[in-house]
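Close look at the chain arrangement
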Amino acid sequence: MQRQGLTDNPDRRAGPRALSGLIDTLGFVQVDSIICLERAHHLTLRTRLSGYRPAHLTSLLSRRSLFEHWTHDASVIPTRWLNHWSHRFTRDRIRIQQNAWWAQRMGKNRNKMIRAVKARIRREGPLRSADFEQRPDQAQPWWGWKPAKAALEYLWRCGELAVSRRDPRSFQKWYDLTHRVLQPAKASSAKAHLEWACGEALDRLGTGTATELAAYFRAVPVADVRAWCAKGLANGTLVEVDVERLDAPKPIRCVARPDVHRAATKAATLPLLHNVDRLRLLCPFDPIIRDRSRLKRLFDMEYRFEAFVPAAKRVYGYYVLPVLEGDRFIGRVDLKTDRQANTLRIKGVWWEEGIKVTRRRRTMLDAELASMAEFVGQQSYTAN
């Protein structure tokens with residue numbers, strides 16, 4: 001919790017500087033196009049910084065102190081780490097060129113399409129996918145990309161294009177030549193890249209298995225992470241710790257920095273988080289939620305994002321947010337922004353097994369729902 005910015009006072013002064021520090025703490029923030037409630041990145045940041053407003057993030061992106069690219073998914077990332085993304089660019093270029101799914105979407109003349117897309121952006125400046133013609137047989141929803149869209153994504157994924165900005169309404173990317181968006185960064189060495197990927201992940205998790213470390217940035221293979229862990233244990237820069245798990249009787253063996261016990265003791269002396277007198281609604285793409293296995297073993301919470309599950313097969317709802325109280329999850333709510341009615345609709349509330357629904361908890365949930373309604377620009381909230 002502490003490593004993920006959830007023990008800091010959410011009522012501290014907000015603004016670009018506080019936001020920059022928060023994103024550094026997290027390492028990255030996943031972005032997502034779903035707008036059922038609010039964009040995922042805004043929800044993640046608002047959970048940790050009550051005064052956060054989307055304009056703060058726009059400011060950092062326009063200053064180029066953040067850039068958008070891929071971790072486990074599309075994310076905003078501190079630009080000071082750009083030198084580590086050259087390894088991903090090379091890896092994605094090779095992977096995509098060998099992938100049948102990408103080849104199908106770019107068409108038979110994919111090299112010609114790639115050259116044409118890049119040449120047009122060089123001439124005209126930043127462009128969106130919508131600025132390129134749609135091929136009739138590719139006019140499909142979701143992943144039925146037209147060749148130009150696939151070419152744009154390929155060029156972005158391998159570092160030749162960068163996201164200049166996002167359209168505030170449609171959320172479409174504006175692509176431009178990378179050197180016109182970001183200052184060039186010398187690629188890190190393979191050794192430095194591995195140290196960065198493993199070390200920065202561990203610093204944000206506190207403890208973790210090799211699989212969990214590899215999953216954080218998805219920058220290096222898990223086999224390389226295991227070798228890094230073994231080397232660290234041998235030279236004393238890492239220690240093994242047994243971490244209690246709530247979903248099984250036996251602890252799990254993890255690695256940690258040598259000062260993990262001192263850090264844990266210091267954390268234990270802090271007031272029990274700043275959210276003991278409030279509940280927080282966590283975005284489905286929140287870094288605490290993202291690793292479902294880790295979520296289960298640390299918090300004993302089963303969570304599945306059901307937006308892509310057929311309605312009849314959903315257990316809870318389309319856009320369900322886990323409810324955090326202190327250091328445990330006590331429930332979940334399904335929310336939807338009804339912009340026509342200017343209302344935040346509560347489509348469902350579920351309390352976790354064993355949680356006593358007290359008047360105090362109901363009051364705190366009401367306060368958090370009212371705060372969420374204000375954040376997403378709605379005048380009220382109501383049960384649907």
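Residues numbered from 1 in each chain as written. Predicted model: local features only at pLDDT ≥ 70, side-chain atom pairs only at ≥ 80, totals over all residues. Heavy atoms only, no water.

Observations regarding the overall build of the chain
Cut-off, in case you're wondering: Only runs of H or I of at least four residues qualify as helices and only runs of E of at least two qualify as strands under DSSP, and these elements are numbered from the N terminus. Only the C-alpha atoms count toward the radius of gyration. The rule for a globule is 2.2 Å times the residue count to the power 0.38. Buried means the residue's accessible area, taken with a 1.4 Å probe over protein chains only, is under 20% of the maximum for its type, while exposed means over 50%, and partly exposed covers the values in between. The contact definition used throughout considers only heavy atoms, calling two residues in contact when any of these lie within 4.5 Å. For accessible areas, the Shrake-Rupley method is used with a probe of radius 1.4 Å. Any residue's cover is judged against the shown protein chains and nothing else. His residues and chain termini do not enter the charge count, which takes Lys and Arg as positive and Asp and Glu as negative. Taken as the charge centre is NZ of Lys, CZ of Arg, CG of Asp or CD of Glu, depending on the residue.
Looking only at helices and strands, the chain has 14 helices and 13 strands in total. Taking 21 Å as the expected radius of gyration for a compact globule of 384 residues, we find that the chain reaches 22 Å, a close match to that expectation. For the C-alpha atoms alone, the extent of the chain along its principal axes is close to 65 × 60 × 40 Å. The proportion of buried residues among the 384 residues of the chain is 50%. A fraction of 60% describes how many contacts in the chain between residues 6 or more apart in sequence connect residues 24 or more apart. For the chain, the exposed surface amounts to about 19,200 Å²; the carbon and sulfur share of it is 51%. Taking the average place of the 67 positive charges on the side chains of the chain and the average place of its 41 negative ones, the gap between the two points comes to 5 Å.

What to know about the confidence of the model for the chain
Where we set the bar: The predictor attaches a confidence to each residue, and that confidence, scored 0 to 100, is pLDDT.
Residue-level pLDDT values for the chain average 92, and 93% of them are 70 or greater. Segment residues 136-142 is flagged for pLDDT under 50; beyond a separation of four residues in sequence, or across chains, it makes 8 contacts in the model. Predicted confidence for residues 265-272 stays below pLDDT 50, and this span has 3 contacts to residues more than four positions away or in other chains.

Describing the sheet that holds strand S3 (residues 74-78)
Note the following rule: Strand pairing follows a simple DSSP-based rule, namely that at least 2 bridges must link the two strands.
Here 3 strands make up an open sheet; going across it, the order is S1-S3-S2 and the pairing antiparallel. The outermost strands of the open sheet, each flanked by one partner alone, are strand S1 (29-30) and strand S2 (66-70). Judged from the 2 bridges that link them, S1 and S3 form a sheet pairing that is antiparallel. Within S3, the residue paired with Gln 30 across the bridge is Ser 75.

Comments concerning the nonpolar core
To be explicit about the condition: In this description, a nonpolar core means a group of buried Ala, Val, Leu, Ile, Met, Phe, Trp, Tyr and Cys residues linked to one another through side-chain atoms lying within 4.5 Å.
Core analysis: the biggest nonpolar cluster contains 75 residues, and Leu 37, Leu 45, Leu 281, Tyr 319, Phe 329, Leu 335 and Met 372 have the highest contact counts within it. If you tally residues by element for this core, the top one is helix H7 (residues 147-157), at 7 residues. Those residues in contact with Leu 281, other than ones at most four positions away along the chain, are Arg 46, Thr 47, Leu 321, Pro 322, Val 323, Val 333, Leu 335, Leu 365, Glu 368, Leu 369 and Met 372. Within the second largest apolar cluster, 28 residues are counted, among which are Phe 67, Leu 82, Leu 182 and Trp 228.

Looking at the environment of Arg 362
Inspection of the secondary structure puts Arg 362 in helix H14 (residues 359-375). Residue Arg 362 is classed as partly exposed on the basis of its relative accessible area, which comes to 48%. Remark: the alpha-carbon pair of Arg 362 and Trp 81, spanning 281 residues in sequence, is separated by 43 Å.

Here's the deal with the side chain of Arg 157
Within the fold, Arg 157 resides in helix H7. Residue classification places Arg 157 among the buried residues on the basis of a relative accessible area of 9%. With residues near it in sequence (within four places) discarded, Arg 157 still touches His 69, Trp 70, Arg 88, Phe 89, Asp 92, Arg 95, Ile 96 and Trp 102.

So, unusual backbone geometry
With phi around 50°, Arg 218 is a residue other than glycine that occupies positive phi space. Relative to the assigned elements, Arg 218 resides in the loop between helix H9 (210-217) and helix H10 (222-235).

Brief notes about the packing of helix H4 (residues 85-97) against H7
The relative placement of two packed helices is expressed as an angle between their axes plus a distance between the axes. In plain terms, the rule: Every axis corresponds to a line fitted to the C-alpha atoms, with the helix fit spanning only the stretch in contact, and the corresponding angles, defined between N-to-C directions, vary from 0 to 180 degrees. Asp, Glu, Lys and Arg are counted as charged, while Ala, Val, Leu, Ile, Met, Phe, Trp, Tyr, Cys and Pro are counted as nonpolar; the rest, among them Gly, fall into the polar class.
Interaxial distance between H4 and H7 falls to 8 Å at its minimum, and their mutual angle equals 145°. For the pair H4 and H7, the contacting residues are Arg 88, Phe 89, Asp 92, Arg 93, Arg 95, Ile 96 and Gln 97 in the first and Tyr 154, Trp 156 and Arg 157 in the second. Across the contact of H4 with H7, the residue classes tally to 4 nonpolar, 1 polar and 5 charged.

Brief notes about helix H8 (residues 190-205)
As a reminder, the rule being used: To estimate how far a helix should reach, multiply one less than its number of residues by 1.5 Å.
Look at H8: 23 Å from first C-alpha to last across 16 residues, which is about the 22 Å you get at 1.5 Å a residue. Looking only at H8, the buried set comprises His 193, Trp 196, Ala 197, Cys 198, Gly 199, Ala 201, Leu 202, Arg 204 and Leu 205. Residue Gly 206 follows H8 closely and has a positive phi angle near 85°.

Looking at the sheet that holds strand S7 (residues 239-243)
Read from one edge to the other, the open sheet built from 3 strands follows the order S6-S8-S7, with strand pairing classed as antiparallel. Two strands close off the open sheet at either side, each with one partner strand: strand S6 (207-208) and S7. Relative to strand S8 (residues 252-256), S7 is paired through 5 bridges, and the arrangement is antiparallel. Looking at S8, one finds that Val 241 is bridged to Cys 254.

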